[in-house]
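Understanding the architecture of this molecule
Here's the letter readout for the chains.
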Amino acid sequence: AQSVAQPEDQVNVAEGNPLTVKCTYSVSGNPYLFWYVQYPNRGLQFLLKYITGDNLVKGSYGFEAEFNKSQTSFHLKKPSALVSDSALYFCASEGGTYKYIFGTGTRLKVLA
Amino acid sequence: SQTIHQWPATLVQPVGSPLSLECTVEGTSNPNLYWYRQAAGRGLQLLFYSVGIGQISSEVPQNLSASRPQDRQFILSSKKLLLSDSGFYLCAWRPGGQGLNTIYFGEGSWLTVV
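Only a predicted model underlies this, so the values are computations on that prediction, with no experimental measurement involved. Per chain, residue numbering runs from 1 following the sequence as it is written. Here the convention is simple: chains get letters from A, ligands get numbers from 1, in the order in which they are written. Only residues with pLDDT of at least 70 are given local features in this predicted model, and only at 80 or more are side-chain atom pairs given and counted; all residues enter the totals for whole chains, interfaces and linings. To get the side-chain values, all heavy atoms of the structure are used, and hydrogens and water are removed first.

For Phe, Tyr and Trp, where Trp contributes only its six-membered ring, two rings pair if their centres lie within 6.5 Å, and the inter-plane angle classes them as stacked under 30 degrees, edge-to-face over 60, or tilted in between. All told, the structure shown has 20 aromatic pairs over all chains when counted by the stated rule. Seen in terms of ring centroids, B:Tyr34 and B:Tyr36 are 6.2 Å apart; in terms of plane orientation they differ by 25°. Their pairing is stacked. B:Tyr36 carries the same exposure label as B:Tyr34, and that label is buried. In this structure an aromatic cluster arises from ring pairing among A:Phe34, A:Tyr36, A:Phe46, A:Tyr100, A:Phe102, B:Tyr34, B:Tyr36, B:Tyr49, B:Trp93, B:Tyr104 and B:Phe105. Only when the NZ of Lys or the CZ of Arg is both within 6 Å of the ring centre and within 35 degrees of the ring normal is a charge said to sit over the ring. Directly above the aromatic system of A:Phe63 lies the positively charged group of A:Lys78, at a separation of 5.0 Å from the ring centroid. Note on exposure labels: buried denotes an accessible area under 20% of the residue type's maximum, exposed denotes more than 50%, and partly exposed covers the range between, all computed with a 1.4 Å probe on protein chains only.

Right, dumping it as structure tokens:
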């Protein structure tokens, strides 16, 4: 069965420091992977996706993600964190059957 | 450009009362439509999805039902709400057809059953 795991419930980082939010996947076939962000009481906003090609994917708000096939990971990164980046982040995969599998979410807290 | 509208934004309903949440998508045709529930501000549970008018797939048997009376309209309903139906409900869409597509979410509806 396909799955997406986010091993950290919460990540704390100081403002200005680089941040990483981890995601690992287990899918059959080619992995199609996404990152979303959710601010309090809002819907999920699309950040970026990996389909094929370059392993480093750039997205919205300065975020990027690194696809690593050997480690089956798709970690979200940002070189310099902002307090406004504090939110809930979801990793997801698309299984080609109209369904999307979401991780359990990682709460990012950026400290001023 | 495409937009998704979901309403009402918040709803407080007594146990045993009916429910109707609506979602519409603009700027596209024949989208795939989804209802998710998010409990305790964390994981997403897929409730229903639809690939066309009148075509509804249920992922979790429960007290809820979904309907798609028009191409870009998706409705989540219940005849009698339970306390356990409380949560944050999210409608979502993606372009129809085969191939990889990004799924996009509405702003959500908070349901509190009292």
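With that settled, consider the sheet that holds strand 8 (residues 73-78) of chain B. All names here are of chain B. Taken in spatial order, the four strands line up as 1-3-8-7 in an open sheet, and their pairing is antiparallel. Because the sheet does not close on itself, it has two edges, and the strands there are strand 1 (3-7) and strand 7 (65-70). Looking at each pair of strands side by side, their axes are set apart by 20° on average, direction ignored. The pairing criterion is simple: DSSP has to find at least two bridges between the two strands. Secondary structure elements are defined from DSSP: runs of H or I of at least 4 residues count as helices, runs of E of at least 2 residues count as strands, and each element is numbered from the N terminus. Note: strand 1 against strand 3 (residues 19-26), five bridges, orientation antiparallel. Within strand 3, the position partnered with His5 by the bridge is Thr24. Only the stretch in contact is used when a helix axis is fitted, and all axes are lines through C-alpha atoms; the angle between N-to-C directions ranges over 0 to 180 degrees.

So, about the state of the cysteines. All names here are of chain A. Note that a disulfide, as used here, is simply two cysteine sulfur atoms within 2.5 Å. Under the defined criterion, the tally for this structure stands at two disulfides over all chains. A sulfur-sulfur distance of 2.0 Å marks the disulfide that ties Cys23 to Cys91. On the sign convention where negative is left-handed, the bridge of Cys23 and Cys91, at about -65° about the S-S bond, is left-handed. Pair noted here: Cys23 is in the loop between strand 3 (19-21) and strand 4 (24-26) and Cys91 is in strand 10 (residues 87-94), with a separation of 68 residues, a long-range link. Pair check on accessibility: Cys23 and Cys91 agree, each one buried.

To continue, consider the pairing of strand 6 (residues 44-50) of chain A. Residue and element names in this part refer to chain A. Strand direction decides the pairing type here: strand 5 (residues 33-38) and strand 6, joined by six bridges, are antiparallel. Each bridged residue has a counterpart across the sheet, and for Tyr36 the counterpart in strand 6 is Phe46. Hairpin remark: strand 5 followed by strand 6, antiparallel, with five residues in the connecting loop; positive phi at Asn41, about 60°.

With that settled, the discussion passes to the nonpolar core. Throughout, nonpolar core names a set of buried Ala, Val, Leu, Ile, Met, Phe, Trp, Tyr and Cys residues whose side chains join them through atoms within 4.5 Å. Among the nonpolar cores identified, the biggest contains 26 residues, and A:Trp35, A:Leu47, A:Leu48, A:Phe74, A:Leu76 and A:Tyr89 are the most heavily contacted of them. At the level of elements, strand 2 (10-14), strand 3, strand 5, strand 6, strand 8 (64-68), strand 9 (73-78), strand 10 and strand 12 (106-111) of chain A are the ones that each hand at least two residues to this core. In this view, A:Leu47 contacts A:Trp35, A:Tyr36, A:Val37, A:Gly59, A:Ser60, A:Tyr61, A:Phe63, A:Leu76 and A:Tyr89; residues no more than four positions away in its chain are not counted. Counting residues in hydrophobic clusters, the runner-up holds 20 residues, among them B:Ala66, B:Leu76, B:Leu81 and B:Cys91. Any two residues whose heavy atoms approach within 4.5 Å are treated as being in contact.

On to the layout of surface pockets. Only protein atoms enter the 1 Å grid used here, on which a cavity is any set of points holding a 1.4 Å probe that cannot leave and a pocket is any open set flanked by protein within 12 Å on both sides along at least five of seven lines; residues with an atom within 4 Å of a point are listed as lining. Grid points are joined across faces, edges and corners, and a volume is the space filled by probe spheres set on the points. Its boundaries defined by the atoms lining it, the largest pocket holds a volume of some 220 Å³. Elements with a minimum of two residues in the lining of the largest pocket: strand 6 of chain A together with strand 1 and strand 10 (104-105) of chain B. Residues of the lining of the largest pocket, tallied by class, amount to eight nonpolar, four polar and one charged. Following the grouping adopted for this structure description, the nonpolar residues are Ala, Val, Leu, Ile, Met, Phe, Trp, Tyr, Cys and Pro, the charged ones are Asp, Glu, Lys and Arg, and the polar ones are all others, Gly among them.

At the junction of the two partners, chain A supplies 24 residues and chain B supplies 27 residues. In terms of surface lost to chain B, no three residues of chain A exceed A:Tyr98, A:Lys99 and A:Tyr100, which account for 32% of the buried area on that side. Any Lys or Arg side-chain nitrogen located within 4 Å of an Asp or Glu carboxyl oxygen qualifies as a salt bridge. On the surface where chain A and chain B come into contact, there are four salt bridges. We note a salt bridge from B:Arg42 to A:Asp9, for which the minimum N-O separation is 3.7 Å. Within the residue set of the side of chain A that touches chain B, elements represented by two or more residues are strand 5, strand 6, strand 10, strand 11 (100-102) and strand 12 of chain A. Of the residues belonging to the side of chain A that touches chain B, the class tally is eleven nonpolar, seven polar and six charged. Summed over both partners, the accessible surface that disappears when two parts come together, traced with a 1.4 Å probe, is what is meant by buried area.

Take the side chain of B:Thr24 next. All names here are of chain B. Following the sequence through the fold, Thr24 ends up in strand 3. Taking the relative accessible area as the measure of exposure, Thr24 reaches 18% and is therefore buried. When near neighbours in sequence (up to four residues on either side) are disregarded, Thr24 contacts Thr3, Ile4, His5, Trp7, Arg72 and Gln73.

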